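Take a look at the letters that make up each chain.
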Amino acid sequence: MPLTQERSYTVHSNDIYAVTPKGQQELRSSATSISPAEVELLVRLDDVLTMAQIRQSVGEPAGAALDITVVMLLAKGLVERVQPDPFAASLQFQLSPSALTDAGAEADFCAATLKKSNYYVRIARKRGSPRQRAPGERLSAIIVDDEEHLAKFLHHYLTFEGFDVRIAGSRAEVVAEFRKPPIPDLVLLDVMLPDADGFDILLRIRSHPQLKDIPVIMLTAKATREAVLKGLASGADGYITKPVETESLLQAVRTVLGSQ
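Here's what I pulled together on the structure shown here. Here, residues in each chain are numbered from 1, in the same order as that chain's written sequence. Where local features are concerned, this predicted model is filtered to residues with pLDDT of at least 70; where side-chain atom pairs are given and counted, the filter is 80 or more; whole-chain, interface and lining totals use all residues. By convention in this description, side-chain values take in all heavy atoms of the structure and omit both hydrogens and water.

## Re unusual backbone geometry
A cis geometry characterises the amide bond from Pro181 onward to Pro182, with omega recorded as 0 degrees. Note that Pro182 resides in the loop between helix 7 (171–179) and strand 6 (186–190). Residue Pro243 is bonded to the preceding Lys242 through a cis peptide linkage, with omega at -5 degrees. Think of it this way: any DSSP run of H or I at least four residues long counts as a helix, any run of E at least two long counts as a strand, and we number them from the N terminus. With respect to the helices and strands, the residue Pro243 is situated in the loop between strand 10 (238–241) and helix 10 (246–256).

Okay, here's the thing in structure tokens:
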């Protein structure tokens, strides 16, 4: 059916859309011919978020009109439907009641420990076979944090500890960095990002067959029991409170990697 017929389009909640080169040109134009609603949606589409997630982010009643806007953008050739990324979609995000119950007692201890020593880690847990590294290849780490100064601080100390370090400060950057080889040996993950939730990212990691065994340490400015409980139940290996202290950082990293 010809793409020019708007009636041929059906928008589903799980659909993911990306801006085409023509759409990018329209956004850069100083004299755009499309409506404000279309411009706003073009800015939101990032080839990662589903329509359901975008609807939720804009709220009602704006979300109800999005499907119509998508159809208009499709008809104009400004957006296109894309296949979901294996890491960014089709993963489970629900915590089981049993996981929350099992983590309850540890969450109390963890929250109390964080107030005293700025970090808490579980004893290095058993994992699958470690990633095989080439002779001379360094460990790999991904820092997920949008605070530029903190990210540089963490980058400096992890590099000193023998890591090749990559930094991601947004949802799109997280997906991009996890697509790149090698699979990281460690992830430092901020609880809050401008356009993403650290706990959701953690659940994505734990649901991914190739990433599920990566040690993940959460970074948090507010170590409430509720936040700690959610992190531990989702599979976090530890917590470090902000502002990050060097000794706490290195102690936590060495512990989760089983290097001490």
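## A word on the nonpolar core
Among the buried residues, those of types Ala, Val, Leu, Ile, Met, Phe, Trp, Tyr and Cys that are joined through side-chain atoms within 4.5 Å form a nonpolar core. We call a residue buried when its accessible area falls under 20% of the maximum for its residue type, exposed when it is over 50%, and partly exposed in between, using a 1.4 Å probe and counting protein chains only. Ranked by internal contacts, the top residues of the largest apolar core, which has 28 residues, are Val144, Phe178, Leu189, Ile201, Met218 and Tyr239. Secondary structure elements with two or more residues in this core: helix 5 (97–117), strand 4 (139–144), helix 7, strand 6, helix 8 (198–207), strand 9 (216–220) and helix 9 (225–234). Contacts are residue-level and defined by heavy atoms, with any inter-residue pair within 4.5 Å sufficient. With residues up to four places along the chain from it excluded, the contact list for Leu189 reads Val144, Gly198, Ile201, Leu202, Val216, Ile217, Met218 and Leu219. Counting residues in each nonpolar core, the second largest holds 18 residues, with Leu154, Leu219, Ile240 and Val256 among its members.

## Quick notes on the environment of Ala233
Position of Ala233 relative to the elements: it lies in helix 9. With 126 residues separating them along the chain, Ala233 and Ala107 place their C-alpha atoms 9.0 Å apart.

## Focus: the packing of helix 2 (residues 36–44) against helix 4 (residues 66–75)
It is the contact of helix 2 with helix 4, at a shortest axis distance of 10 Å, that shows an interaxial angle of 85 degrees. One element, helix 2, and the other, helix 4, form an angle in the roughly perpendicular class. In contact with Ala37, Glu38, Leu41 and Leu42 of helix 2, helix 4 contributes Leu66, Thr69, Val70, Met72 and Leu73. Polar here means any residue other than Ala, Val, Leu, Ile, Met, Phe, Trp, Tyr, Cys and Pro, which are nonpolar, and Asp, Glu, Lys and Arg, which are charged; Gly is therefore polar. Of the residues contributing to the contact of helix 2 with helix 4, the split by class is seven nonpolar, one polar and one charged. Lines fitted to C-alpha atoms define the axes, with helix axes restricted to the stretch in contact, and inter-axis angles between N-to-C directions lie between 0 and 180 degrees. Reported orientations rely on four angle classes, namely roughly parallel under 35 degrees, roughly antiparallel over 145, roughly perpendicular from 65 to 115, and oblique for the rest.

## Side note on the packing of helix 6 (residues 148–160) against helix 10
In helix packing, the relevant descriptors are the interaxial angle and the interaxial distance, both defined with respect to the helix axes. As a packed pair, helix 6 and helix 10 sit with axes 11 Å apart at the nearest point and diverge in direction by 55 degrees. Compared by their axis directions, helix 6 and helix 10 come out oblique. The two elements helix 6 and helix 10 meet at a crossing, and its hand is right-handed. Across the interface between the two elements, Phe153, Leu154, Tyr157 and Leu158 from helix 6 touch Thr246, Leu249, Leu250 and Val253 from helix 10. The residue inventory of the contact of helix 6 with helix 10, partitioned by class, reads seven nonpolar, one polar and no charged. Working rule for handedness: look at the near helix, and if it is turned counterclockwise from the far one by less than a right angle, call the crossing left-handed; if clockwise, right-handed.

## A word on the pattern of salt bridges
Put simply, a salt bridge is a Lys or Arg side-chain nitrogen that is within 4 Å of an Asp or Glu carboxyl oxygen. The final tally for this structure, using the stated rule, is 12 salt bridges. Arg138 serves as the salt-bridge partner of Asp164, at 3.1 Å between the closest nitrogen and oxygen. One end of the pair, Asp164, is in strand 5 (residues 163–168); the other, Arg138, is in the loop between strand 3 (119–121) and strand 4, with 26 residues separating them in the sequence. When the shortest N-O distance is used, the salt bridge between Glu147 and Lys242 registers 2.9 Å. A residue pair is termed long-range when its members are at least 10 positions apart, and Glu147 in the loop between strand 4 and helix 6 and Lys242 in the loop between strand 10 and helix 10 qualify at 95 residues. In this structure, a network of salt bridges that share partners links the residues Asp145, Glu147, Asp190 and Lys242.

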